[in-house]
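Examining the three-dimensional arrangement
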Amino acid sequence: MVVLIIMGMLGESVASVHKVGGSAGWTILGKVDYNKWTSSDTFTTGDSLLFVYNRQFHNVKQVSRRDFLSCNATSAMAATYTSGSDTVALTKPGHLYFLCGFPGHCQAGQKLHVLVATAIVSPTLSPAFAPVPSPSTGSSSSPSPATASKDTAQNDAALLSMSAALTSTLSSVVVFLVALVYY
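How each quantity is defined
- All residue numbers refer to positions counted from 1 along the written sequence of the respective chain.
- Local features in a predicted model are, by the rule used here, given only for residues with pLDDT of at least 70; side-chain atom pairs are given and counted only at 80 or more, and totals for whole chains, interfaces and linings are based on all residues.
- Note that the side-chain values use all heavy atoms of the structure and ignore hydrogens as well as water.
- In this text, helices come from DSSP runs of H or I with a minimum length of four residues, and strands from runs of E with a minimum of two, each type numbered from the N-terminal end.
- A 1.4 Å probe rolled over the protein chains alone gives each residue an accessible area, and that area as a share of the maximum for its type sets the label: buried under 20%, exposed over 50%, partly exposed in between.
- Throughout, a residue-residue contact means that at least one pair of heavy atoms, one from each residue, lies within 4.5 Å.
- Pairing between two strands requires that DSSP report at least two bridges joining them.
- The term nonpolar core refers to a set of buried residues drawn from Ala, Val, Leu, Ile, Met, Phe, Trp, Tyr and Cys, joined through side-chain atoms within 4.5 Å.
- Just so you know, the count uses Lys and Arg for positive and Asp and Glu for negative, and it drops His and the chain ends.
- Every case where a carboxyl oxygen of Asp or Glu lies within 4 Å of a side-chain nitrogen of Lys or Arg is listed as a salt bridge.
- Confidence scores per residue from the predictor, reported as pLDDT, run from 0 to 100.

Thoughts on the overall build of the protein
Looking only at helices and strands, the protein features three helices and nine strands. Seen in sequence order, the protein has helices and strands lined up from the N terminus as β-β-α-β-β-β-α-β-β-β-β-α. The 183 residues of the protein split such that 34% are buried. Considering only residue pairs separated by 6 or more positions, the protein has 68% of its internal contacts joining residues 24 or more positions apart.

Overview of the pairing of strand E9 (residues 111-117)
Side-chain alternation along E9 places Leu112, Val114 and Val116 on a buried face and Lys111, His113, Leu115 and Ala117 on a face that remains uncovered. Judged from the two bridges that link them, strand E3 (residues 43-44) and E9 form a sheet pairing that is parallel. In the sheet register, Phe43 faces E9, and the bridge partner there is Val116. Here strand E8 (residues 94-99) runs beside E9; their pairing, made up of six bridges, is antiparallel. Counted as the bridge partner of Phe98 is Leu112 from E9.

Describing unusual backbone geometry
The phi angle at Lys31 is positive, at roughly 50°, despite the residue not being glycine. As for its position among the elements, Lys31 is in the loop between strand E2 (11-19) and helix H1 (34-39). The exposure class assigned to Lys31 is exposed, which follows from its relative accessible area of 72%. Residues other than glycine seldom take positive phi values, yet Cys71 does so here, at roughly 55°. Note on placement: Cys71 falls in the loop between helix H2 (65-70) and strand E6 (80-81).

Quick notes on the nonpolar core
Counting 20 residues, the largest nonpolar core has Val20, Trp26, Leu49, Phe51, Val60, Phe98 and Leu112 as its most contacted members. Within the residue set of this core, elements represented by two or more residues are H1, strand E4 (48-52), E8 and E9. Sorting elements by how many residues they give to this core places E9 first, with three residues. Other than its neighbours up to four places away in sequence, Val20 contacts Gly25, Trp26, Tyr34, Trp37, Leu49, Leu50, Phe51 and Leu112. Of all hydrophobic cores here, the second largest spans seven residues; its members include Val63, Cys71, Ala73 and Cys106.

What to know about the side chain of Asp67
Checked against the element boundaries, Asp67 lands in helix H2. Arg66 provides the closest opposite charge to the buried, salt-bridge-free Asp67, at an N-O distance of 6.4 Å. What Asp67 contacts, discounting residues up to four positions off in sequence, is Asn72, Ser75 and Leu99.

Digging into the sheet that holds strand E5 (residues 60-63)
Judged by pairing direction, the sheet is mixed, and its five strands sit side by side in the order E3-E9-E8-E5-E6 without closing on themselves. Lying at the two open borders of the sheet, with one neighbouring strand each, are E3 and E6. Two elements, E5 and E6, share two bridges in a ladder whose sense is antiparallel. Within E6, the residue paired with Val60 across the bridge is Tyr81.

Describing the confidence of the model for the protein
Reading fine detail from the predicted coordinates is not recommended where pLDDT is low. Per-residue confidence for the protein gives a mean pLDDT of 74, with 58% of residues at or over 70. The low-confidence segment residues 125-132, where pLDDT is below 50, has 15 contacts with residues more than four positions distant or belonging to other chains. Segment residues 157-183 is flagged for pLDDT under 50; beyond a separation of four residues in sequence, or across chains, it makes 22 contacts in the model.

Structure (structure tokens):
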């Protein structure tokens with residue numbers, strides 16, 4: 001699983017890219033237990049599912065609960081994916097159902113039920129944006145040149161730290177968006 005952290009002044013949210021089936025991917029080989037795979041993880045809005053498979057032998061169909069239970073692949077509810085590396089964004093809470101539309105694959109266990117929960121964003125101030133305390137200057141009404149220089153150096157360090165955090169955050173967002181576009 002790849003985890004991207006997007007930090008902001010009002011809090012943090014974590015967006016995860018979940019590779020369906022782990023290292024095995026989306027397949028009927030190796031007897032992947034997709035129920036067990038989903039039970040070992042938490043899926044929240046903002047996350048995405050990454051289906052990786054051999055497109056000559058598999059596809060991904062998003063179906064209704066009824067079609068999921070009966071392994072009916074003839075009426076894909078939302079989408080059919082066929083690229084071999086498909087990303088599905090989890091945009092709203094609720095149940096999602098997927099199966100492979102190749103004959104016999106769903107019956108062999110190549111189907112996935114995901115319960116998506118609402119992401120909770122913590123409204124705390126990110127450490128990168130916390131104020132930097134200035135050193136005590138004693139009883140002097142104006143700081144000495146050495147203290148003023150130290151204050152300026154600390155402020156510059158704080159600004160550099162915030163700049164680096166913002167640059168890193170923007171890079172993460174761009175990587176996430178590129179991943180969504182290309183997968």
